[in-house]
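Architecture at a glance
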Amino acid sequence: VLNTSHVRNNNTVMYSTPMFSGFSAAAAYSFKTKADANPSTAIAAVADITDIGLNYANGPLAAGVSLYKVSSLTAAIDNKETNLYATYDMGVAKLGAGYYTEKGAAAGAVDTKGYNVSANVPLNASLNLLANYGKKDDKVAATNLDSTIAAIGLKYTLSKRTSVYARYVDQKNDNVAANAAKKVQTTLVGVQHNF
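Residues numbered from 1 in each chain as written. Predicted model: local features only at pLDDT ≥ 70, side-chain atom pairs only at ≥ 80, totals over all residues. Heavy atoms only, no water.

1. Some thoughts on the pattern of salt bridges
The following threshold applies: Here, a salt bridge means any side-chain nitrogen of Lys or Arg that lies within 4 Å of a carboxyl oxygen of Asp or Glu. Partly exposed residues are those whose accessible area sits between 20% and 50% of the maximum for their type, while under 20% is buried and over 50% is exposed, using a 1.4 Å probe and protein chains only.
Taken as a whole, this structure holds two salt bridges when the rule is applied. With a shortest N-O distance of 2.8 Å, D170 and K172 are connected by a salt bridge. We classify K172 as partly exposed; its relative accessible area is 39%.

Structure (structure tokens):
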């Protein structure tokens, strides 16, 4: 959540391969699009979006890498993002780690990297303890908007598709504007149902 959020893209075609010995790949291409209805913004110049990923899942190990690129009609505002992740299920806990880099071509544009680590610990057959910590390093000298986020929560499974959860999230932001929050604390309680 610390890097630039992706929106759902229109005009997209996607292909996913079958799994071979735990490996699978997917590629998506979005034709010329606009994520913002305001034509005066830079996003109006977006030409296309490509998203290519390779995943591995076999036994307790899962891992993947993806390359995400937003092209523009002028290459000066291209944006590229690389994402890596891995999880390992030890039975007593499922541990995960992720890493990303994001860079824009224009001077002073986005230039960040970050990582996160997570743990999912089953306390009994229905109750899981969840924990996550992430850090973003913003390398743009003019803003240097570094962030850290830590979260802890519980998930109680009611059925195969339905669960209830409670989470506490603590986020700290560096060098924010005077009207922005340096620290945000959030408590979430809800029901999740997967259709």
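2. Re the side chain of E102
Stated precisely, the cut-off is as follows: Secondary structure is summarised from DSSP: a helix means a run of H or I of at least four residues, a strand means a run of E of at least two, and numbering begins at the N terminus for each. Charge assignment in this entry is limited to Lys and Arg as positive and Asp and Glu as negative, and neither His nor the chain termini are counted. Polar contacts here mean pairs of N or O atoms no more than 3.5 Å apart (in protein, one a potential hydrogen donor and the other a potential acceptor; neighbouring residues in sequence count only if both atoms are side-chain atoms).
Secondary-structure assignment places E102 in strand β6 (residues 94-104). Lacking a salt bridge, the buried E102 has K136 as its closest oppositely charged neighbour, with an N-O distance of 7.7 Å. Polar contacts involving the side chain of E102 include one to the side chain of N79, which spans 3.5 Å.

3. Section: the pairing of strand β1 (residues 12-16)
Stated precisely, the cut-off is as follows: Between any two strands, at least two bridges found by DSSP are needed for them to pair.
With five bridges joining them, β1 and strand β2 (residues 23-30) adopt antiparallel strand pairing. Across the sheet, residue Y15 finds its bridge partner in β2, namely A27. If you look at the hairpin formed by β1 and β2, you'll find six residues sitting between the two strands, and S21 has a positive phi there, around 50 degrees.

4. A look at a nonpolar patch on the surface
Threshold: Here the term patch refers to residues with relative accessible area over 30% and no salt bridge, with like charges joined within 9 Å and nonpolar side chains (Val, Leu, Ile, Met, Phe, Trp, Tyr) within 5 Å. With residues, only the protein chains shown are counted as cover, and all accessible areas are computed by Shrake-Rupley using a 1.4 Å probe.
Together, L61, Y88, M90, V92 and L95 make up an exposed nonpolar region whose accessible area comes to about 470 Å². With respect to the element layout, M90 can be found in the loop between β5 (79-89) and β6.

5. Some points on the environment of A93
Heads up, the condition is: We call two residues contacting when some pair of their heavy atoms lies within 4.5 Å.
Note on placement: A93 falls in the loop between β5 and β6. On the accessibility criterion, A93 (10% relative accessible area) is buried. Sequence separation of A93 and A119 is 26 residues, and the distance between their C-alpha atoms is 6.6 Å. Residues in contact with A93, not counting those within four places in the same chain, are Y88, N120, V121 and P122.

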